[in-house]
Amino acid sequence: MFTNKNYSKVIIKILFIISFILFSFNQSNCEENFSTLIKSKVDTIYQKFSDSLISFQEGIAVAIDKNYAILPAKIVEKVPNISIVAIDSKLNLAVVKLNKESKPVVFELSETKDELFFLLTIFEEPSILIVKGKFKDNKIEIQGKQIAGSLLLSLDLTPLGIVTESSSISEVLLIKPFYSEINKLIKRKPGWLGLQGQTITAELGKIMSVSEGVVITNIYEGGPADKAKLRRGDVIVAADSFKITELKDLQNILSTKFAGETINLEIMKDGIKKDYSIILEEPPENFLQTKASPTLSIKGVEITEIPENLKKSLKKSIKGVFVKKISEDSPALGILKNEDIIIEINKKSINSYKEFNEILQQSGNNDLLILVYRQDNFQYVIIPGQKSR
């Protein structure tokens, strides 16, 4: 919120262009009356619009709703801890969610084609400049390198647009013609990829012959990833040309994507690198419901204590639980095998059937990294939970 109303500094900054606007006043007006008028307009701008601008180190966001603001898309990635709602690369605008209510700015179109404008901007403190510019289609080009996101107003104090490009000639996008498109951005559904994944650990990397990335642990039938022929065990190493080293990297990219948009994935499939272009979809209702339900058991897997006769026949002293049977509808089918011994879940050792249940319940809806003992060998496997998209 802006509270510093240093009018003397503002007036000094604008006096150098007084010659441009003297034509709008009668020659009988004295300079003192002119300064009083400018001071009055500056005061009005501070009072009406200061609380509607949110400052960032790289630029400014302008509230368009009590809960949402817009800012140039090119700076949004440089702003930490910001909740991105949507990005429109054509408009070069991003919509972000505010963590508290703010007074919205109502944008209009100027009925005149004035060449002089007020610009509410930020340097070390709030500043108001008078800038010269000209209309060009749905934009206004103004002189000088201005702060991205700064609010442009007409001489009659009508809000017109924000600075989206900044160089020797800065570009202001007129917001009114695109207001409906901006509201559509707010209402867009998040993009759903239709898969679950897990960060490649050092242990998994040795098994899968990759050093980093996200291994796909489950594919939702009929979802975008399934349609693209991705499969469990494929490893995502890049998305939209950004390197993927952990699950959070993929989730961050997906958080900026919406239904109908495309994500480009680089996949290691059976040791061969392949590129996929996948159109994201809206998440199905049953996915959203399932997502909130914790996984408290491994569906279709019958677990018991290790049979005594098996314990005696083992070459090593093994502690864990015994996989007695796996049903056809189990997500563990083809991952676990009958007579496997589960040694660890998510790197937590299992000494009894009771510990198995406790650790399983603690896992919530996460994927399960399971260490099994199988035919005198130890092996990691992954049972999909209901966490990632």
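A quick note: this is a predicted structure, and the numbers were derived from the prediction, not measured.

Analysis parameters
- Residues numbered from 1 in each chain as written.
- Predicted model: local features only at pLDDT ≥ 70, side-chain atom pairs only at ≥ 80, totals over all residues.
- Heavy atoms only, no water.
- Helix = DSSP H or I, 4+ residues; strand = E, 2+ residues; numbered from the N terminus.
- Buried < 20%, exposed > 50% of the residue type's maximum accessible area, 1.4 Å probe, protein only.
- Contact = heavy atoms within 4.5 Å.
- Areas by Shrake-Rupley, 256 points an atom, 1.4 Å probe, with all protein chains shown as cover.
- Arc of directions from axis to C-beta.
- 1 Å grid on protein atoms, 1.4 Å probe; cavity = no way out; pocket = protein on both sides within 12 Å on 5 of 7 lines; lining within 4 Å.
- Points joined across faces, edges and corners; volume = space filled by probe spheres on them.
- Salt bridge = Lys/Arg side-chain N within 4 Å of Asp/Glu carboxyl O.
- Core = buried A, V, L, I, M, F, W, Y, C linked by side-chain atoms within 4.5 Å.
- Pairing = 2+ DSSP bridges.
- Axes fitted to C-alpha atoms, helices over the stretch in contact; angles between N-to-C directions.
- Phe/Tyr/Trp six-rings, centres within 6.5 Å; stacked < 30°, edge-to-face > 60°.
- Lys NZ or Arg CZ within 6 Å of the ring centre and 35° of its normal.

Caption draft 1: Just the overall build of the protein chain, in detail. When its secondary structure is counted, the protein chain shows 11 helices and 23 strands. With 389 residues in all, the protein chain has 47% of them scored as buried. In the protein chain, the share of contacts with a sequence separation of at least 24, taken over all contacts with a separation of at least 6, comes to 57%. With the model as given, the accessible surface of the protein chain reaches about 20700 Å², and the carbon-plus-sulfur share is 48%.

Caption draft 2: Structural detail: helix α8 (residues 247-254). Within the sequence span of α8, burial applies to Leu-247, Asp-249, Leu-250, Ile-253 and Leu-254. Take α8 and look down its axis: the buried residues cluster within an arc of 165 degrees, on one side only. Elements that come into contact with the buried residues of α8 comprise β12 (195-199), β13 (214-219), β14 (235-239), β15 (242-243) and β16 (262-269).

Caption draft 3: Fine view of the layout of surface pockets. In this model, the largest pocket occupies a volume close to 830 Å³. Surrounding the largest pocket, 25 residues form its lining, Glu-77, Ile-87, Phe-242, Ile-253 and Thr-256 being those nearest its centre.

Caption draft 4: The arrangement of the pattern of salt bridges in detail. One pass over the structure, following the stated rule, counts 15 salt bridges. Between Lys-74 and Glu-165 there is a salt bridge, with the nearest N and O atoms lying 3.1 Å from each other. Of the two residues, Lys-74 is situated in helix α4 (residues 73-76) and Glu-165 in strand β10 (residues 159-165); the sequence distance between them amounts to 91 residues. Between Glu-171 and Lys-139 there is a salt bridge, and its shortest N-O distance comes to 3.1 Å. With Glu-171 in strand β11 (residues 169-174) and Lys-139 in strand β8 (residues 139-143), the pair connects residues that are 32 residues apart, well separated along the chain. The class of Lys-139 is partly exposed, set by a relative accessible area of 33%.

Caption draft 5: Structural view of the nonpolar core. Core analysis: the biggest nonpolar cluster contains 35 residues, and Ile-70 and Leu-151 have the highest contact counts within it. Looking at this core, the element that brings in the most residues is helix α3 (residues 31-49), giving 5 residues. The residues contacting Ile-70, other than those within four sequence positions of it, are Ile-60, Ala-61, Val-62, Ile-64, Leu-93, Ala-94, Val-95, Ile-162, Ile-175 and Ile-182. Counting 21 residues, the second largest nonpolar core, distinct from the first, contains Val-214, Ile-216, Ile-236 and Leu-247.

Caption draft 6: Quick peek at the sheet that holds β8. The sheet built from 6 strands closes into a barrel, its strands ordered β6-β7-β8-β11-β10-β9 with antiparallel pairing. Adjacent strand axes in the sheet meet at a mean angle of 40 degrees, parallel and antiparallel pairs treated alike. When β10 meets β11, the two strands line up antiparallel, connected through 4 bridges. The partner of Ile-162 across the bridge, within β11, is Leu-173.

Caption draft 7: Examining the packing of aromatic side chains more closely. On inspection of all chains with the given rule, the structure shows 4 aromatic pairs. Centroid distance Trp-192 to Tyr-220: 5.7 Å. Interplanar angle 55 degrees. Geometry classified as tilted. On the criterion of sequence distance, the pair formed by Trp-192 in the loop between α5 (179-187) and β12 and Tyr-220 in the loop between β13 and α7 (224-227) is long-range, its members being 28 residues apart. By relative accessible area, Tyr-220 is classed as buried at 16%. Consider the rings of Tyr-353 and Phe-356, whose centres lie 6.3 Å apart with planes at 25 degrees: the pair is stacked. Placement of both Tyr-353 and Phe-356 in helix α11 (residues 353-362) is noted, with a separation of 3 residues, approximately one turn of the helix. A relative accessible area of 4% means that Phe-356 is categorised as buried. A cation sits over an aromatic face here: Lys-97 above Tyr-68, 5.7 Å from the ring centre.

Caption draft 8: Region of the structure containing the pairing of strand β6 (residues 116-122). Along β6, 7 of the 7 residues are buried, which leaves the element largely enclosed by surrounding structure. In β6, alternate side chains face the same way, and those of Leu-116, Phe-118, Leu-120 and Ile-122 on one face and Phe-117, Leu-119 and Thr-121 on the other are all buried. Bridge analysis of β6 against strand β7 (residues 126-136) gives 7 bridges, and the strand direction is antiparallel. Residue Leu-119 lies in a different strand from β7, and its bridge partner there is Leu-129. Of the strand pairs in this sheet, β6 and strand β9 (residues 151-153) are connected by 3 bridges, and their pairing is antiparallel. From the neighbouring strand, Leu-119 faces β9, where its bridge partner is Leu-152.

Caption draft 9: Examining the sheet that holds strand β1 (residues 53-55) more closely. Pairing is antiparallel across the open sheet formed by 5 strands, whose spatial order is β1-β2-β3-β5-β4. The open sheet is flanked by β1 and β4 (83-88), the only strands paired with a single partner. Averaged over all pairs of adjacent strands, the angle between strand axes in this sheet comes to 30 degrees, irrespective of strand direction. Bridge count between β4 and strand β5 (residues 93-97): 5 bridges; the pairing is antiparallel. Residue pairing in the sheet places Ser-83 in a bridge with Lys-97 of β5.

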